[in-house]
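Fold and geometry: a report
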Number of protein chains: 2
Amino acid sequence: MTVELISVGTELLLGNIVNTNAAFLAEKCADLGLACYYQSVVGDNEERLSAVLKAAIGRSDVVILSGGLGPTEDDLTKEVAAKVAGRELYMHEPSKKQIEDFFRRRNMEPTGNNWKQAMVPKGAIVVENENGTAPGVIMEADGKKIILLPGPPNELVPMFEKSIMPYLAEGNSTIYSQTVKICGVGESRAETMVKDLIDKQTNPTIAPYAKNCEVHFRVTAKAENEKEAKKLLKPVVKELKSRFENHVYTTDVDTTLEKAVVDLLAANKLTVSTVESCTGGMLAARIINVPGVSDVYKSGYITYSNKAKRKILGVKKGLLEKKGAVSEEVAREMAKGAALISKAEVAVAVTGVAGPGGGTEEKPVGLVYIACNVCGKIKVKKYNFDGNRAKIRETTVSSALILMRQCILEYYSEVAFGKKLDENADRRK
Amino acid sequence: MTVELISVGTELLLGNIVNTNAAFLAEKCADLGLACYYQSVVGDNEERLSAVLKAAIGRSDVVILSGGLGPTEDDLTKEVAAKVAGRELYMHEPSKKQIEDFFRRRNMEPTGNNWKQAMVPKGAIVVENENGTAPGVIMEADGKKIILLPGPPNELVPMFEKSIMPYLAEGNSTIYSQTVKICGVGESRAETMVKDLIDKQTNPTIAPYAKNCEVHFRVTAKAENEKEAKKLLKPVVKELKSRFENHVYTTDVDTTLEKAVVDLLAANKLTVSTVESCTGGMLAARIINVPGVSDVYKSGYITYSNKAKRKILGVKKGLLEKKGAVSEEVAREMAKGAALISKAEVAVAVTGVAGPGGGTEEKPVGLVYIACNVCGKIKVKKYNFDGNRAKIRETTVSSALILMRQCILEYYSEVAFGKKLDENADRRK
């Protein structure tokens, strides 16, 4: 089955917003095993929208339109789609009631315009919108499916996941995915390590996605039902876990790297403090992005200047002068000082040259040292990152999280991280 | 003139990446006064790309294709476009030399594939790529223009700005824009305040863009030459500045809010320290996003837990118990403590409920207090923000920057911020 996406909205044509809806829908459709050959963006204009929709119906099995379901005169996606499908609109009472409830909960009055949103094409499946006033609409005709979704991502995403995905998966067969998330292994190395699996894959399929310092393998199985699909997934996930060993930080799609690190700290009853120079708070911000982190996160210090490194962390002036702020020795002293003043069991320190200025031949832009102190055992790692200031800082934060995870695991297992990985690789040679 | 965008790439169809190129190109084309009615995404497939390109040429004056200019067999945008335009490809020696130089500078050898990138359609304008090996291509035929750009944003963006924008502006007339950036005034209020200007606008035009806690007015003039365009812009920019008064933080498109705040601190020889609870380092990270901030930024503290607020900042245990960590009084004490320990002239403190948990009826998710201490004069402001954890934290950071700017300006001018704005509004009634 093929799918085609049509995003409706002048703000996309003007470049005021980036089309994240299309990326979301495309990824989910790929998971469902639907082939997407075309995506379009068109404005709230009857003639052009109608032409684009007709072309899409002509060449694709499923057409998903997003946007243009609002209450104003401008919004005409539903009206145009109904016209193209040859259907009349009628007042859908449950949607009307839903709109009334939506406003009542907010102590607001709906305007006359809002009832336009409760009008739906005859014979359509109406999909409840739990986060807004525009219901979703599914029309089936001549073996084609036309699906209308509201434009705001906070309405579109939950509606698609809750109602549209099961609808599209049905009839077909069940599609079930699991994601194995890996950190501390480069993209090309990770792909090489599973090339044999990918080359011979049929069902389940394995798709690698490289994110900042991480590789995610999405394993997707097709089967008659969920139980069968899970049965197909199990050995593949197990194989990936055995190949990547303790580099696998989760098999739960919703768990981020920072969440995994926070969980690891909590499981070992550890608290953490951060000291940052070039990342200036980004590492702390990412850790504190995890809700309920207050039992784990002790305190953070941003010591961008040399003076702050001395005054707050007690790094010696002589050391700063001799070795420079961006050095293994200073990173180590920062992690030592942070543990001392915060009394946290784990202290992470970051110092580096994020650019664009400040680089020298000896210490170029992108040179970063990260030190991790777990109960007095300090490991310092040197990095040379590529990219602009923002990219270097972002990569530094991810690398710090990975190093923290590694140091905590090593502290408790007393096994060097990645050692088994190399052994496994040797064994397969 | 109308323009149409075609993005070529399987990774877009699979949703692996978000189409930021389309947003960038759409925004720039809007600036140039080109009307964009259609955008498409299509894969590296000859038949489908050819059909989409033909449809685009049929209905638009300028067609911009991006992506698919790489060295591999898969990349066929140039080959397909040349075929559609009825042109043969030939080896373009300057491009070949450019590729040789590109590799030489990196101490690398080009592979045979790379020479494919130096092949260009006969009669085309070849556009040098300063950041990669794929040159851009412009073909003109029957009053239509077909423009091919490389897909990587770090190649596409500079090439478009340096070579394609002047090309598209030419013949036409010069297009010149200036952006007036405003903070601390809500979007709808800001738009109401200039409604009369927008209603009667012809040349220059005024386009408002709402960003997180900011409104940017892009003023765009069309004229015979740059000098004439600037002359047209001047009175409109002046009028906007007079209406929004000290809420205008810059008229330079590249200056961010954090840069404006850092510049204001530096101009007044002030240093700053930050203390953060719910934002956990995000405010510091945004300030430190400004290169060369080390003279201004003194130190930062992340006091997420009550204990950290007590130990680091000296907030009294009794006060935390009586008023709660998210309170006006605690915010004030945090800003007081931060100035004391850091010896910075300006100290900003943030405390709030970012959610999803932790909200109560009295202190709901989204309640945030920000305190700003300028040389001992402390202002505390209460906010109720909407949205999820990430959105609340982001809005808090922007609001803190705005409050900092306001407090510093008030301290030096001794005029209440926004007072003149209200007077101006009254005067216009």
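Okay, so let's go over this structure.

Parameters and conventions
Residues numbered from 1 in each chain as written. Chains lettered and ligands numbered in written order. Predicted model: local features only at pLDDT ≥ 70, side-chain atom pairs only at ≥ 80, totals over all residues. Heavy atoms only, no water. Helix = DSSP H or I, 4+ residues; strand = E, 2+ residues; numbered from the N terminus. Buried < 20%, exposed > 50% of the residue type's maximum accessible area, 1.4 Å probe, protein only. Contact = heavy atoms within 4.5 Å. Areas by Shrake-Rupley, 256 points an atom, 1.4 Å probe, with all protein chains shown as cover. Pairing = 2+ DSSP bridges. 1 Å grid on protein atoms, 1.4 Å probe; cavity = no way out; pocket = protein on both sides within 12 Å on 5 of 7 lines; lining within 4 Å. Points joined across faces, edges and corners; volume = space filled by probe spheres on them. Nonpolar A, V, L, I, M, F, W, Y, C, P; charged D, E, K, R; others polar. Axes fitted to C-alpha atoms, helices over the stretch in contact; angles between N-to-C directions. Phe/Tyr/Trp six-rings, centres within 6.5 Å; stacked < 30°, edge-to-face > 60°. Parallel < 35°, antiparallel > 145°, perpendicular 65-115°, else oblique. Left-handed = near helix turned anticlockwise from the far one by under 90°. Least-squares fit on C-alpha atoms with pLDDT ≥ 70 in both. Arc of directions from axis to C-beta. Core = buried A, V, L, I, M, F, W, Y, C linked by side-chain atoms within 4.5 Å.

**Some thoughts on the overall build of chain A**
- Per the secondary structure count, chain A includes 16 helices and 17 strands.
- Viewed in the frame of its principal axes, chain A has a C-alpha envelope of about 80 × 55 × 40 Å.
- The buried share of chain A, reckoned over its 429 residues, is 53%.
- Across chain A, the fraction of contacts at a sequence separation of at least 24, relative to all contacts at a separation of at least 6, is 68%.
- When the accessible surface of chain A is split by element, carbon and sulfur atoms take 50% of a total near 19100 Å².

**Re the pairing of strand 2 (residues 35-42) of chain B**
- Burial within strand 2 of chain B is extensive, with 6 of its 8 residues counted as buried.
- Inspection of the sheet shows strand 2 (residues 35-42) of chain A paired to strand 2 of chain B by 5 bridges, in the antiparallel sense. Bridge pairing links V41 of chain A to Q39 of chain B in strand 2 of chain B.
- Bridge count for strand 1 (residues 2-8) of chain B against strand 2 of chain B is 7 bridges, and the pairing is parallel. Across the sheet, the residue bridging to L5 of chain B is Q39 of chain B, located in strand 2 of chain B.

**Quick word on the layout of surface pockets**
- Of the voids in this model, the second largest pocket is the one considered here, and its volume is about 1500 Å³.
- In terms of lining residues, the second largest pocket is bounded by 28 residues, among which F24, K28, E161, V253 and D254 of chain A are the most central.
- Sorting the residues of the lining of the second largest pocket by element identifies helix 2 (20-31), helix 6 (153-169), strand 9 (174-183), strand 10 (205-211) and strand 11 (214-223) of chain A together with helix 15 (389-413) of chain B as the ones contributing at least two each.
- Element by element, the count of residues in the lining of the second largest pocket is highest for strand 9 of chain A, at 7 residues.
- Considered class by class, the residues forming the lining of the second largest pocket number 9 nonpolar, 9 polar and 10 charged.

**Quick notes on the sheet that holds strand 17 (residues 377-384) of chain A**
- In space, the 10 strands of this open sheet follow the order 17(A)-16(A)-15(A)-13(A)-14(A)-14(B)-13(B)-15(B)-16(B)-17(B), with mixed pairing throughout. The open sheet is flanked by strand 17 of chain A together with strand 17 (377-384) of chain B, the only strands paired with a single partner. Averaged over all adjacent pairs, the angle separating strand axes in this sheet is 10°, with direction ignored.
- Summarising the sheet, strand 13 (residues 272-276) of chain A and strand 14 (residues 297-302) of chain A pair through 5 bridges and their orientation is parallel. The partner of E276 of chain A across the bridge, within strand 14 of chain A, is I302 of chain A.
- The strands that helix 15 (residues 389-413) of chain A touches are strand 13, strand 15 (346-352), strand 16 (367-374) and strand 17 of chain A; relative to strand 16 of chain A, the one it contacts most, it runs at about 30°.

**Let's talk about the packing of aromatic side chains**
- Tallied over the full model, the rule gives 11 aromatic pairs over all chains.
- Aromatic pair Y383 of chain A and F385 of chain A: ring centres 5.1 Å apart, planes at 20°, arrangement stacked.
- Of the residues examined, Y383 of chain A reaches a relative accessible area of 12% and is grouped as buried.
- An angle of 75° between the planes, with centres 5.3 Å apart, marks the rings of Y411 of chain B and Y412 of chain B as edge-to-face.
- For Y411 of chain B, a relative accessible area of 30% gives the class partly exposed.

**Concerning empty space enclosed by the protein**
- Inspection of the entire model under this criterion finds 2 cavities of 30 Å³ or more.
- By volume, the largest cavity is sized at about 170 Å³.
- Within the residue set of the lining of the largest cavity, elements represented by two or more residues are strand 1 (2-8), helix 2 and strand 2 of chain A together with helix 2 (20-31) and strand 2 of chain B.
- Of the residues contributing to the lining of the largest cavity, the split by class is 13 nonpolar, 8 polar and no charged.
- Taken together, G68, L69, G70, D75, K78, E79, K116 and Q117 of chain A form the lining of the second largest cavity.

**So, the packing of helix 3 (residues 46-59) of chain B against helix 4 (residues 77-84) of chain B**
Residues and elements named next belong to chain B.
- The geometry of helix 3 relative to helix 4 is characterised by a closest axis approach of 10 Å and an angle of 50° between their N-to-C directions. Between helix 3 and helix 4, the interaxial angle falls into the category oblique. As helix 3 packs across helix 4, the resulting crossing turns out to be right-handed. Across from E46, L49, S50, L53, K54 and I57 in helix 3, the residues of helix 4 making contact are T77, V80, A81, K83 and V84.
- Taken together, the residues that form the contact of helix 3 with helix 4 break down as 6 nonpolar, 2 polar and 3 charged.

**A few points about the relation of the copies chain A and chain B**
- Superposition of chain A onto chain B requires a rotation of 180° combined with a translation of 0.3 Å along the rotation axis, giving an RMSD of 0.4 Å. This pairing of chains is accounted for by a two-fold axis.
- A share of 100% of interface residues in chain A that are also interface residues in chain B marks the association as one of identical surfaces.

**What to know about the interface of chain A and chain B**
- Between chain A and chain B, the residue contacts involve 51 residues of the former and 51 residues of the latter.
- In terms of residue count, strand 2 of chain A provides more of the side of chain A that touches chain B than any other element does, 7 residues in total.
- The residue makeup of the side of chain A that touches chain B, split by class, is 30 nonpolar, 16 polar and 5 charged.

**Brief notes about helix 12 (residues 306-313) of chain B**
- Turning to helix 12 of chain B, its buried residues number three or more, namely A308, K309, I312 and L313 of chain B. The buried residues of helix 12 of chain B all sit within an arc of 105° when viewed along its axis, so they share a single face.
- Each element contacted by the buried residues of helix 12 of chain B is listed here: strand 14 of chain A together with strand 13 (272-276), strand 14 (297-302), helix 13 (317-323), helix 14 (328-342) and strand 15 (346-352) of chain B.
- Residue G314 of chain B follows helix 12 of chain B closely and has a positive phi angle near 75°.

**A short note on the environment of L270 of chain A**
All names here are of chain A.
- Relative to the elements of secondary structure, L270 occurs in the loop between helix 10 (257-267) and strand 13.
- Between the C-alpha atom of L270 and that of V180, which follows or precedes it by 90 residues, the distance is 26 Å.
- If near-sequence neighbours (up to four positions away) are discounted, L270 is found in contact with L265, V296, E345, V346, C375, I408 and Y412.

**Topic: the nonpolar core**
- The biggest cluster of nonpolar side chains holds 80 residues, and the ones touching the most others in it are L265, Y297 and M404 of chain A together with L265, Y297 and M404 of chain B.
- In this structure, Y297 of chain B is in contact with I302 and Y304 of chain A together with V272, T274, A284, I287 and I288 of chain B, ignoring residues within four places of it in sequence.
- Of all hydrophobic cores here, the second largest spans 46 residues; its members include A331 of chain A together with V275, A347 and V380 of chain B.

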